[in-house]
Amino acid sequence: MSSKPELKGRAARLAQLFPTGPGQAARTPFVLLVVLLLGGGLIGLLVLNSALSEGAFKLDDLQRETKSLTDEEQALQRDIDAYSAPEALQRRARELGMVPGGDPAFLAPDGTVKGIPSPAPGVRQTFAHIPLVLAPEAMPNGPLSTSGR
């Protein structure tokens, strides 16, 4: 009796295509291929894990910097709000010598004056009649000095 059953038909034809017995292919190249694939996969995972860790550290640094800059922005905004508060503006204007204005007068399009103007309180009356900007006709030497011509 033989150890292998006898094949018939299509199975017999297929069995002739594959060698049997001691001529089997060596397992060493297959094992080497599997070990190389596994080693390459592990090295690839190690590189990927290192890249992800580096990205996590960068993200942490950027989040810390963002928090610091946000805190600085909020402090600057508080300073701006403190300087632009009405009380602070009034105090600064008084330090510069400014006083609240008096009652205004308005000019209508036809040239009539509406309202009665009054000077600002605290303004010395001796300078109230002198305009801030003189018209060219009101200058002592006229619009242009003609002494050089």
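Residues numbered from 1 in each chain as written. Predicted model: local features only at pLDDT ≥ 70, side-chain atom pairs only at ≥ 80, totals over all residues. Heavy atoms only, no water.

The name given to the chain in an unreviewed UniProt entry is Septum formation initiator family protein, with the source organism recorded as Streptomyces coeruleorubidus.

Caption draft 1: A look at the overall build of the chain. Scanning the chain from N- to C-terminus turns up three helices and two strands. Each helix (α) and strand (β) of the chain, taken in turn from the N terminus, gives the series α-α-α-β-β. Taking all 149 residues of the chain together, the buried fraction comes to 3%. Contacts in the chain between residues far apart in sequence, at least 24 positions, make up 3% of those at least 6 positions apart. Accessible surface, the chain: about 14200 Å² in total, of which carbon and sulfur atoms supply 65%. (Helix = DSSP H or I, 4+ residues; strand = E, 2+ residues; numbered from the N terminus. Buried < 20%, exposed > 50% of the residue type's maximum accessible area, 1.4 Å probe, protein only. Contact = heavy atoms within 4.5 Å. Areas by Shrake-Rupley, 256 points an atom, 1.4 Å probe, with all protein chains shown as cover.)

Caption draft 2: Spatial organisation of the pattern of salt bridges. Enumeration according to the criterion identifies six salt bridges in this entry. Between Asp60 and Arg64 there is a salt bridge, with the nearest N and O atoms lying 2.8 Å from each other. With Asp60 and Arg64 both in helix 2 (residues 28-83) and four residues apart, this pair spans about one turn of that helix. The residue Glu95 makes a salt bridge to Arg92 at a minimum N-O spacing of 3.3 Å. Highlighted residues: Glu95 and Arg92, both in helix 3 (residues 86-95), separated by three residues, approximately one helical turn. Three or more residues are tied together by salt bridges with common partners; here these are Asp60, Asp61 and Arg64. (Salt bridge = Lys/Arg side-chain N within 4 Å of Asp/Glu carboxyl O.)

Caption draft 3: Here's a closer look at the UniProt feature "transmembrane region" (unreviewed entry) in the chain. The residues that UniProt annotates with the feature "transmembrane region" (unreviewed entry) are residues 30-48. Segment residues 30-48 splits into 100% helix and 0% strand. End C-alpha atoms: 27 Å apart. (UniProt positions renumbered as here; feature names shortened; annotations may be inferred.)

Caption draft 4: Spatial organisation of a nonpolar patch on the surface. On the surface, a cluster of nonpolar side chains totalling about 480 Å² of accessible area is made up of Phe30, Val31, Val34, Val35 and Leu38. For Leu38, the location among the structural elements is in helix 2. (Patch = residues over 30% accessible without salt bridge, like charges linked within 9 Å, V, L, I, M, F, W, Y side chains within 5 Å.)

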